[in-house]
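If you want the building blocks of each chain, they are given just below.
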Amino acid sequence: MTINLKEKTLAFLSFIALLITLNAAYSALNRILLNEEKSRYSYMARNQANYIASCIDKVVVRTYTLREMVNENDGGSDFFDKVSETIFQSVLRDTGITLKNITLAPGGTVEKVYPIAGNESFIGFHYTDESMPGNKEAIEAYRTSRTLLTNPFNLVQGGFGMAARTPVFLKRDGNDEFWGLVAATMDFSDLLKTFSFENFDKININYRLWYEDDNGNPVVLHQSDGELVDSITEEVSIFNLKWNLELAPEKGWVNRKLNNLIRATIFVVSTLFALMLLLVFRIRRDGNIMRSLAEHDNLTKCYSRYYMNSSMIDIKDGSWKDPEANYSIVIVDVDNFKQVNDTYGHFTGDRALISIARILQKSLENPKKDRVIRFGGDEFLIFYSNVEKNDLRIKFQQILSEVSRIKFDDIPELRLGVSIGAAIASDKACTYQVLMKTADENLYKVKENGRNGFSFE
């Protein structure tokens, strides 16, 4: 059969058009798959960053416990010998982190330390000595009245560790009087083991954990043997510290052999485009699930701290991503939650948190803007947009009332309460940090007055 020029031309043009279309589609899909793969790595990096922050948060909480005990003992330190081992062991049990020591330092000078063995040289150490490593954060903690963490450094008593420094202030004649510092020092090599970086090695992912020193130079804390090319970077924000976690596949993002094979055979694989679209839809769905898991607390279904930091506030300066929101911030702390866990078990503690979270979520009026955040173990944040003072009072009274009515049939004697500290936005220029400081101060007032109440004055 004779094939005329027109048919040859049409067949050739159809071949070229199909070849160009399929190659263009494959190129576009290749970029999508690469972005989705990078999104998956970003999710893994965020998950690991949150885990690192969570482990260290649990150590810092122990310094808060010591701070409260100093206050309860009116500045006395006799209690330390009775509780130090319990606190020390609870950190190991809950996190797997071995502490180098926990200390009390009235006036900034170490007076009590546990364990004594291996820390004898630490007695009498002056946190106010600016020449000693790790003391810059201690001095800054006193100056700013907030807990600060050190980056890893060589310890006076030997070894390599990082420490949490929490200032203690006592109420004297209505004023806050500096008492000293409480501190917990972590064994950094043991801390790295807790982070389980070897899991990345098992799935052929290269990684690097690092931070910038005061001169802007990178300081590597831990890394894999392999080189990182075009890595995904996630910031690990832990109190005052800003670390960076980088991840990249060991063999690179693109399988070049497979890519060449597909391009060589693409003209005979007419169904490839449809199959790859199905793959993209599946990857996108999985990506949405991953993002949802990152943005919500698995236990209470409230929004997570990651969601707050990524979607609501700019963590660099505390400004709001939605300038029209005009948020007021409420801190809700479950009263005596540790005692609930210790007495009835963590399963009951989880039930209590779920019940309280439901009550807090019921108090929201604007579902497009208002949010409940699981901020810590037994601490929630509520963000109310454009709320009036009288409305807050009514909400808080309702929350306290409903929490007090929570009952579990199998534990009829259990009663729950919450302490609420709030900060009302006076104008749209109020930053997150300013409101959080005010809300935290008001929460402290409630705790001083016996808990189970609220304050926003």
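Nothing here was measured: the structure is a model prediction, and the numbers come from that model. Residue positions are counted from 1 within each chain, in the order its sequence is given. Owing to the predicted nature of the model, reporting of local features is limited to residues with pLDDT of at least 70; listing and counting of side-chain atom pairs is limited to 80 or more, with chain, interface and lining totals taken over all residues. Side-chain calculation: all heavy atoms of the structure are included, whereas hydrogens and water are not.

K.L.:
I would appreciate a short explanation of the sheet that holds strand S12 (residues 327-334) in the present structure.
P.N.:
Adjacent strands of a sheet pair through backbone hydrogen bonds, lying either parallel or antiparallel. Pairing is mixed in the open sheet, where 6 strands are placed in the order S11-S13-S14-S12-S15-S16. In this open sheet, the two edge strands, each paired with only one partner strand, are strand S11 (303-304) and strand S16 (454-455). The strands touched by helix H8 (residues 305-312) are S11, S12, strand S13 (371-374) and strand S14 (379-385); relative to S13, the strand with the most contacts, the crossing angle is about 130°. At least two bridges found by DSSP between two strands are what make those strands a pair. Helix and strand definitions here come from DSSP, where helices need a minimum of 4 consecutive H or I residues and strands a minimum of 2 consecutive E residues; each element is numbered from the N-terminal end. Should any heavy atoms of two residues lie within 4.5 Å, those residues are counted as being in contact. Angles shown run from 0 to 180 degrees and are taken between the N-to-C directions of axes, each axis being a line fitted to C-alpha atoms and, for helices, limited to the stretch in contact.

K.L.:
Any chance you could explain the pairing of S14 here in plain terms?
P.N.:
Regular strands place their side chains on alternate faces of the sheet. Burial analysis of S14 places 7 of its 7 residues in the buried class, the great majority of the element. Inspection of the sheet shows S12 paired to S14 by 7 bridges, in the antiparallel sense. Residue pairing for S14: Ile 331 is matched across the bridge by Leu 381. As judged from the 4 bridges shared by S13 and S14, these two strands associate in the antiparallel manner. Bridging across to S14, Ile 373 finds its partner in Leu 381. Counting the residues in the hairpin turn of S13 and S14 gives 4 residues. To sort residues, take the accessible area from a 1.4 Å probe on protein chains only and compare it with the maximum for the residue type: under 20% means buried, over 50% means exposed, and anything in between is partly exposed.

K.L.:
So what exactly am I meant to see when it comes to empty space enclosed by the protein here?
P.N.:
Unoccupied space between atoms shows up once a probe the size of one water molecule is rolled over them. Using a grid of 1 Å spacing that covers the protein atoms alone, one calls a set of points a cavity when a 1.4 Å probe fits there but cannot get out, and a pocket when the set is open and has protein on both sides within 12 Å along at least five of seven lines; lining residues are those with an atom within 4 Å of a point. Grid points are joined across faces, edges and corners, and a volume is the space filled by probe spheres set on the points. One pass over the structure, following the stated rule, counts 2 cavities of 30 Å³ or more. Put simply, the largest cavity is a space of about 60 Å³. Residue lining of the largest cavity: Phe 122, Phe 125, Tyr 127, Pro 133, Phe 153, Leu 155, Val 156, Gln 157, Arg 165 and Thr 185, and that is the complete set. Each residue is assigned to one class: nonpolar for Ala, Val, Leu, Ile, Met, Phe, Trp, Tyr, Cys and Pro, charged for Asp, Glu, Lys and Arg, and polar for all the others, Gly among them. When its residues are assigned to classes, the lining of the largest cavity shows 7 nonpolar, 2 polar and 1 charged.

K.L.:
Just checking my understanding: could you explain the nonpolar core for this structure?
P.N.:
One broad trend across soluble globular proteins is that nonpolar side chains are buried collectively. The biggest cluster of nonpolar side chains holds 50 residues, and the ones touching the most others in it are Ile 52, Ile 56, Met 186, Phe 197 and Trp 243. For this core, the element with the most residues is helix H1 (residues 5-72), which contributes 12 residues. Core analysis: the next-biggest nonpolar cluster, separate from the first, contains 31 residues, Phe 337, Val 418, Ile 420 and Ala 422 among them. Only buried residues count toward a nonpolar core, which is a set of Ala, Val, Leu, Ile, Met, Phe, Trp, Tyr and Cys residues joined through side-chain atoms within 4.5 Å.

K.L.:
Even after reading the chapter, I still don't get the packing of aromatic side chains, so can you show me in this structure?
P.N.:
To describe a pair of aromatic rings, you give the distance between the ring centres and the angle between the ring planes. Each Phe, Tyr or Trp ring (for Trp, its six-membered ring) is paired with any other whose centre lies within 6.5 Å, and the angle between the two planes then decides the class: stacked below 30 degrees, edge-to-face above 60, tilted in between. Scanning the entire structure with this criterion turns up 21 aromatic pairs. Centroid distance Phe 160 to Phe 188: 5.9 Å. Interplanar angle 90°. Geometry classified as edge-to-face. With Phe 160 in strand S5 (residues 160-172) and Phe 188 in helix H4 (residues 188-194), the pair connects residues that are 28 residues apart, well separated along the chain. Three or more aromatic residues joined by ring pairs form one cluster here, namely Phe 195, Phe 197, Phe 200 and Tyr 207. Cation placement over rings: the criterion is NZ of Lys or CZ of Arg within 6 Å of the ring centroid and within 35° of the ring normal. In this structure, Arg 351 is placed above the aromatic ring of Phe 408, and the distance from its NZ or CZ to the ring centre is 4.3 Å.

K.L.:
Even after reading the chapter, I still don't get a negative patch on the surface, so can you show me in this structure?
P.N.:
To count toward a patch, a residue needs a relative accessible area above 30% and no salt bridge. Like charges then connect within 9 Å, nonpolar side chains (Val, Leu, Ile, Met, Phe, Trp, Tyr) within 5 Å. The protein chains shown are the only cover counted for residues, whose accessible areas, like all others here, come from Shrake-Rupley with a 1.4 Å probe. Note on definitions: salt bridges are taken to be side-chain nitrogens of Lys or Arg within 4 Å of carboxyl oxygens of Asp or Glu. In this tally, Asp and Glu contribute negative charge and Lys and Arg positive charge; neither His nor the terminal groups of the chain are included. To locate a charge, take atom NZ for lysine, CZ for arginine, CG for aspartate or CD for glutamate. Taken together, Glu 198, Asp 201, Asp 225 and Glu 250 make up a surface patch of like negative charges. If you trace the backbone, Asp 225 turns up in the loop between strand S8 (218-223) and strand S9 (232-238).

K.L.:
Sorry, what's going on with the packing of helix H10 (residues 346-362) against helix H11 (residues 389-404) here?
P.N.:
When two helices pack together, their arrangement is given by the angle between the helix axes and by the axis-to-axis distance. Direction vectors running N to C along H10 and H11 enclose 155°, while the axes themselves pass 10 Å from each other. Relative to H11, H10 is oriented roughly antiparallel. The two elements H10 and H11 cross, and the hand of that crossing is right-handed. Between H10, through Ile 356, Ile 359, Leu 360 and Lys 362, and H11, the contact on the second element is made entirely by Ile 399, Glu 402 and Val 403. Residues that form the contact of H10 with H11 fall into these classes: 5 nonpolar, no polar and 2 charged. Convention used here: angles under 35 degrees read as roughly parallel, angles over 145 as roughly antiparallel, angles from 65 to 115 as roughly perpendicular, and any remaining angle as oblique. A clockwise turn of the near helix away from the far one marks a right-handed crossing, whereas an anticlockwise turn of less than a right angle marks a left-handed crossing.

K.L.:
Please explain the side chain of Thr 150 as it appears in this structure.
P.N.:
Inspection of the secondary structure assignment puts Thr 150 in the loop between strand S3 (148-149) and strand S4 (153-154). Exposure remark for Thr 150: the relative accessible area of 1% places this residue in the buried category. Polar contact is the term for a pair of N or O atoms within 3.5 Å; when the atoms are in protein, one must be able to donate a hydrogen and the other to accept it, and sequence-neighboring residues count only if both atoms are side-chain atoms. Only 2.8 Å separates the side chain of Thr 150 from the backbone nitrogen of Ala 163, close enough to count as a polar contact. Once residues within four sequence positions are removed from consideration, Thr 150 is found in contact with Gly 134, Glu 137, Met 162, Ala 163, Arg 165 and Leu 241.

K.L.:
Even after reading the chapter, I still don't get the packing of helix H9 (residues 337-344) against H10, so can you show me in this structure?
P.N.:
Where H9 contacts H10, the axes come no closer than 7 Å and their chain directions differ by 140°. As far as their axial angle goes, H10 and H9 are oblique. Note on element contacts: H10 touches H9 through His 346, Thr 348, Gly 349 and Leu 353, opposite Phe 337, Val 340, Asn 341 and Tyr 344. Looking at side-chain class alone, the contact of H9 with H10 contains 4 nonpolar, 4 polar and no charged residues.

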